[in-house]
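Residue-level structural notes
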Amino acid sequence: MIALYDRLANGLSRLAPVALPTLARLTFAGVLLIYFWNSARTKFGEGFAGLFTPSDGAYYQIFPKAIEAAGYDFSQLTTFHWAVVMAGTWAEVFLPLCIIIGLFTRLAALGMIGFVIVQSLTDIYGHGVGGDDLGRWFDAASGALILDQRALWITLLMTLVLMGAGPLSLDRILASKRS
C-alpha cells in the first residue's frame, strides 16, 4: 500500500510543474481577468484621449481621501496623482494580459501581487472597508472581501511567481528560441 502511494505521489510530483502553472493561469482567466479589465475600463476617460486622461471615477477609486481633501476639485491634484492613476489603470490591463498569454509571467504575477496589496490597503484605509468585509483569518467565515478572497488571489499568483507560466506559454516559446 505504501509503495502504491509513493508511486502515485511521485507521478503527481512530476505532473505538477506542467499542470499547476497552466491551471493557475486558466483559473486567473476564469476568475479575475474580467474583474480587473472591467475595473480598468471605469478608469479611462472618454475617446482616444481617455487612454491618457483618467476619468473622475479613477481618482475617486484610487485617491478617495485626496479628492475629499481637495474639496472634489480635480485641478488641485498633482502630476503624481495622475501618474499613479494611469500606472494602476494600465497595470490592470497589461499585467493580466501577460499572465493569460504567459509572457513575462513571473514578473506580471509579482506585479499583480503588488497591485492586489495596494488595492486592499486602499479599500481598507481609503474607503474604510472593515468588519465582515475585511474579515478575519481562522474563523468559520470564508467569504470576506479582503483577508479571505485576496489571500487566495495572492496564493494563486504566487504559484505563477514560483513556477512560471508552464508549457503552454509565450515564456516557454521564448526560452526555447534562446537555447
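Scroll up to find the structure.
Below: a short report on this structure.

Quick notes on the rules
- Residues numbered from 1 in each chain as written.
- Predicted model: local features only at pLDDT ≥ 70, side-chain atom pairs only at ≥ 80, totals over all residues.
- Heavy atoms only, no water.
- Helix = DSSP H or I, 4+ residues; strand = E, 2+ residues; numbered from the N terminus.
- Buried < 20%, exposed > 50% of the residue type's maximum accessible area, 1.4 Å probe, protein only.
- Contact = heavy atoms within 4.5 Å.
- Areas by Shrake-Rupley, 256 points an atom, 1.4 Å probe, with all protein chains shown as cover.
- Expected span 1.5 Å × (residues − 1).
- Phe/Tyr/Trp six-rings, centres within 6.5 Å; stacked < 30°, edge-to-face > 60°.
- Core = buried A, V, L, I, M, F, W, Y, C linked by side-chain atoms within 4.5 Å.
- Salt bridge = Lys/Arg side-chain N within 4 Å of Asp/Glu carboxyl O.

1. A word on the overall build of the chain
Of the regular secondary structure elements, the chain holds 8 helices and 0 strands. Along the three orthogonal principal directions, the C-alpha set of the chain runs to about 70 × 45 × 20 Å. The 179 residues of the chain split such that 34% are buried. Considering only intrachain contacts with a sequence separation of at least 6, the fraction spanning at least 24 residues in the chain is 63%. Counting every atom, the chain has about 11000 Å² of accessible surface; 69% of that belongs to carbon and sulfur.

2. A look at helix α5 (residues 105–126)
Spanning 22 residues, α5 covers 30 Å between terminal C-alpha atoms, matching the ideal 32 Å at 1.5 Å per step. Residues of α5 that are buried sit in contact with α1 (2–41), α2 (56–62), α3 (64–69), α4 (79–101), α7 (149–163) and α8 (170–178). Directly beyond the C-terminal end of α5, a positive phi value near 70 degrees is found at Gly128.

3. Comments concerning the packing of aromatic side chains
This structure, assessed with the given rule, holds 13 aromatic pairs. Ring centres of Tyr35 and Phe36 lie 5.0 Å apart, and the angle between their planes is 80 degrees; this geometry places the pair in the edge-to-face category. Residue Phe36 is classed as buried on the basis of its relative accessible area of 1%. An angle of 20 degrees between the planes, with centres 5.4 Å apart, marks the rings of Trp90 and Phe94 as stacked. Remark: Phe94 and Trp90 occur in helix α4; sequence separation between them is 4 residues, near one turn of the helix. Residue class for Trp90 comes out partly exposed when judged on its relative accessible area of 24%. Taken together, the aromatic side chains of Phe28, Tyr35, Phe36, Phe115 and Trp153 make up a single cluster linked through ring pairs.

4. Some remarks on the nonpolar core
Ranked by size, the top nonpolar core spans 19 residues in total, and within it Phe28, Phe36, Ile99, Ala109, Met112 and Leu157 carry the most contacts. Mapped onto this core, the elements with two or more residues apiece are α1, α4, α5 and α7. With 6 residues, the single largest contributor to this core is α5. Aside from chain neighbours lying at most four places away, what touches Ile99 is Arg25, Phe28, Ala108, Ala109, Met112, Leu157 and Leu160.

5. Points about the pattern of salt bridges
For the structure shown, the criterion picks out 3 salt bridges. A salt bridge links Lys43 to Glu92; its shortest N-O distance comes to 2.8 Å. Of this pair, Lys43 sits in the loop between α1 and α2 while Glu92 sits in helix α4, placing them 49 residues apart in sequence. Each member of the pair Lys43 and Glu92 is classed as buried.

6. Focus: the environment of Arg136
When you line up the elements, Arg136 lands in the loop between α6 (131–134) and α7. The sequence separation of Arg136 and Ile146 amounts to 10 residues, and the corresponding C-alpha distance is 9.1 Å. Other than its neighbours up to four places away in sequence, Arg136 contacts Leu147 and Asp148.

7. Section: unusual backbone geometry
The phi dihedral of Tyr72 falls on the positive side, at around 60 degrees, and the residue is not glycine. Relative to the elements of secondary structure, Tyr72 occurs in the loop between α3 and α4. Of note in the backbone geometry, Phe138 takes a positive phi value of approximately 60 degrees without being a glycine.

8. Here we look at the environment of Phe74
Among the secondary structure elements, Phe74 is positioned in the loop between α3 and α4. Each C-alpha atom of the pair Phe74 and Trp153 lies 33 Å from the other, and the pair is 79 residues apart in sequence. When near neighbours in sequence (up to four residues on either side) are disregarded, Phe74 contacts Asp56, Tyr59, Tyr60 and Ile67.

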